[in-house]
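Structural features, examined
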Amino acid sequence: MPNLRRNSFIAFLLTSFACAVLSPILAQASTDVVLHASKAPVRAGTWAVVADSTAAGGFAMANPNLGAPKVTTPLANPKNYFEMTFPAYAGEAYHLWIRGKSADNSYRHDSVYVQFSDSVTSAGSAVDRIGTRSGAAVALQRCNGAAEQGWGWTDNGWCGLGANVLFSTTGTHTIRVQVRSDGFSIDQIVLSPQTYRTRAPGVRENDKVILAANLPALTAIVSVSPSPSSGFAPLGVDFAAKVSGAKALSYNWNFGDGQTSTEAVPSHLYQTAGNYTAKVTVKDSAGGNVSASSLIAVNGSSSGGGKFRAVQANISYGGHGTDNILNLNRTADYLVKLNPDAASLSEVIGGYNDPVLITALMEAKTGIKWYNYYVPKFPGCPEGVMILSKWPIVSTAGYFMSFQMPIAEATLDVNGKHVSFFATHFQWPEGADAERQVEATQLVAFAARFPEPRIIGGDLNAQVYTSAVNTILEQYDGGWDAAVSKGVATAYPANPASTNTRTRRSRIDHVFYSKGDSGISVTGAEVPDQRAPGTASKVVVRIGTTDDEGVRPSDHNFMEVTFALN
């Protein structure tokens, strides 16, 4: 017992530390808009470009201190302002940051009003628009009255984060900065959908962070609207593709059952039951090819049934790859390749809004609706586990296990059949066997509350021969091992399909399913090769093996298990 208490205390400290340090220095994402104010093509009134060796590119946009009174309300037709244009997507939440400094380091000279050409609230109502008396106030002064010193980053909040900025259309937008208090200089403006969503690019006093100017390229966005999207065979479906951001020049449809079409608005008849992914590829006027998909559920009977693909993926603290760069886009790309019906995701950073971002990326990349449910490790911890599902979630439940580790459960409606799907994460480090044994017992007891079929995905930090996994295997079968025994498991040459196939240094990611349940069986499984060819020199975080020959989207290999739901 004393050793167990000691190990528990150490595990508590390590887990608490893991949550405390989840504020890494992130690489700038390509989706961040970074404007250097001195490059503004439109300048009116007293705003002028001035040389400043400490500013981005050696120049800043400055408004002189003329002793003018503070402007109490944004002006619809200001005399003193500057404007810049930038690309952004509709419906995406961007956080606004400005780096500025005040004349004489005084709070009397440290604020501006910011307006946009087509900004909207989350409900879609116009707000802070150019040509109106609505605008976002941005002030360098802290609400506690702390002194100002040199350059500093601030947003449109006061004593907390400001509201995110959204836009009504995808394309080019205009930002207008007008005077609130004179004597303020600006060198950088950032609109970030992810990297700086909840933290500034730098500090508030004596800042030295200079970001490269960045105008991310926008591609056309396409979505698919099937009508109906489910029903009984034979099922006739009418398809339409909505394209925004560019003009569609041609359409190429694949209905998922071997049939195709090049019509803009085709109709298709599905003759047999099954789950089909209908995909359209659009050639756009910008010279690109964009695609979207939609799930078509064709039932043979009212009881549903069919294939169900479950994915377990540790996404490494919010999407860090083995190059130590946060990039949820490539995480989503690999999830799209694995085409899950539902995924258990570990090390998701709720504090960075990952559940919403991942779900939005999946919807953008597949064209279908996705659902999610997130549970932190413990209340207040920014990290946790997440369930991602293309099937509607009927109900959810969460459980905080011992040693500050979580379980998420979502009951999914799969063609009328309910599936109890779980995501979990067990204790680390390697020597925490006693803690994992306790968690395994708690997991089995919690899962027993829900009806079969049950599918459990998780990073257990434990191999199949350990006591923790053996406890689970008393009530469940291992999906990967079942696929290996049937000869239907696949991996890659450097990590061949066997009972020893690795997800990290060894196989510590698992997918389990109800033992003895005649309504579910394994038909296949995969651990894909996620290394990007030709990027070995960029690998920073190695997964502890000799085959780190390319950057992965995480320091774990993802795992997929395909089930037949009878």
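Below: a short report on this structure. (Residues numbered from 1 in each chain as written. Predicted model: local features only at pLDDT ≥ 70, side-chain atom pairs only at ≥ 80, totals over all residues. Heavy atoms only, no water.)

Bringing the overall build of the protein into the picture now. Assigned secondary structure in the protein consists of 7 helices and 34 strands. Computed over the C-alpha atoms, the radius of gyration of the protein is 26 Å, within 12% of the 24 Å expected from 2.2 N^0.38 for a compact globule of 566 residues. In terms of its C-alpha atoms, the protein occupies a principal-axis envelope of roughly 80 × 70 × 45 Å. Out of the 566 residues belonging to the protein, those deemed buried represent 52%. Surface exposure of the protein reaches about 23000 Å², of which carbon and sulfur atoms provide 53%. Taken as two groups, the 44 positive and 45 negative side-chain charges of the protein have centres that lie 4 Å from each other. (Helix = DSSP H or I, 4+ residues; strand = E, 2+ residues; numbered from the N terminus. Rg over C-alpha atoms; globule rule 2.2 N^0.38 Å. Buried < 20%, exposed > 50% of the residue type's maximum accessible area, 1.4 Å probe, protein only. Areas by Shrake-Rupley, 256 points an atom, 1.4 Å probe, with all protein chains shown as cover. Lys, Arg positive; Asp, Glu negative; His and termini not counted. Charge placed at Lys NZ, Arg CZ, Asp CG, Glu CD.)

With that settled, consider the pattern of salt bridges. Under the defined criterion, the tally for this structure stands at 21 salt bridges. Across the salt bridge formed by D52 and K101, the nearest N and O atoms sit 2.8 Å from each other. Taken as a pair, D52 in the loop between strand 3 (48-51) and strand 4 (59-62) and K101 in strand 6 (residues 95-102) lie far apart in primary sequence, 49 residues in all. Under the relative-accessibility criterion, K101 is labelled partly exposed at 23%. Between R531 and E549 there is a salt bridge whose closest N-O contact spans 3.5 Å. Of this pair, R531 sits in the loop between strand 33 (520-526) and strand 34 (559-565) while E549 sits in the loop between strand 33 and strand 34; the two residues are 18 residues apart in sequence, bridging distant segments of the chain. Given the relative accessible area of 15%, R531 is considered buried. Put simply, R502, D529, R531, D547, D548, E549 and R552 are held in one network by salt bridges that share partners. (Salt bridge = Lys/Arg side-chain N within 4 Å of Asp/Glu carboxyl O.)

Another aspect to go through is helix 7 (residues 479-486). Listed as buried for helix 7 are G479, W480, A482 and A483. One side of helix 7 carries all its buried residues, which in axial view fall inside an arc of 165 degrees. Contacts from the buried residues of helix 7 go to strand 30 (476-478), strand 31 (489-490), strand 32 (509-514), strand 33 and strand 34. Positioned one or two residues after helix 7, G487 has a phi angle of 75 degrees, which is positive. (Arc of directions from axis to C-beta. Contact = heavy atoms within 4.5 Å.)

Note: most peptide bonds trans; most residues except glycine with negative phi. The omega torsion of the bond from W428 to P429 falls at 5 degrees, within 30 degrees of zero and hence cis. By the secondary structure assignment, P429 is in the loop between strand 28 (417-425) and helix 5 (433-447). If you check the backbone angles, D128 has positive phi at about 50 degrees while not being a glycine. Position of D128 relative to the elements: it lies in the loop between strand 8 (119-120) and strand 9 (136-139). Its identity as a non-glycine residue notwithstanding, E347 has a phi of 55 degrees, on the positive side. On the secondary structure map, E347 appears in strand 23 (residues 342-349).

The next point concerns the sheet that holds strand 2 (residues 42-44). Taken in spatial order, the 5 strands line up as 2-5-12-7-9 in an open sheet, and their pairing is antiparallel. Across the chains shown, the open sheet's two edge strands, defined by having one partner strand only, are strand 2 and strand 9. Here the average twist between neighbouring strands, direction ignored, is 30 degrees. Relative to strand 12 (residues 171-181), strand 5 (residues 81-88) is paired through 8 bridges, and the arrangement is antiparallel. (Pairing = 2+ DSSP bridges. Axes fitted to C-alpha atoms, helices over the stretch in contact; angles between N-to-C directions.)

A separate point is the sheet that holds strand 17 (residues 248-254). The strand order across the open sheet formed by 5 strands is 15-21-20-17-18, and the pairing between neighbours is mixed. Strand pairing shows two members of the sheet lacking a second neighbour, strand 15 (230-232) and strand 18 (260-261), which therefore form its edges. By the bridge criterion, 10 bridges tie strand 20 (residues 274-284) to strand 21 (residues 289-299) in an arrangement that is antiparallel. The residue of strand 21 that forms the bridge with V280 is A292.

What follows concerns the state of the cysteines. Overall, the coordinates contain 1 disulfide when judged by the stated rule. Here C143 connects covalently by a disulfide to C159, the sulfurs 2.0 Å from one another. Between C143 and C159, the S-S torsion sits near 135 degrees, and that sign places the bridge as right-handed. Linking C143 in the loop between strand 9 and strand 10 (152-154) with C159 in the loop between strand 10 and strand 11 (166-167), this pair joins segments that are 16 residues apart in sequence. (Disulfide = S-S within 2.5 Å.)

Here strand 19 (residues 267-270) shows a clear split, with H268 and Y270 buried on one side and none of S267 and L269 buried on the other. The sheet contact formed by strand 16 (residues 235-244) and strand 19 spans 4 bridges and is antiparallel. Looking at strand 19, one finds that V237 is bridged to H268.

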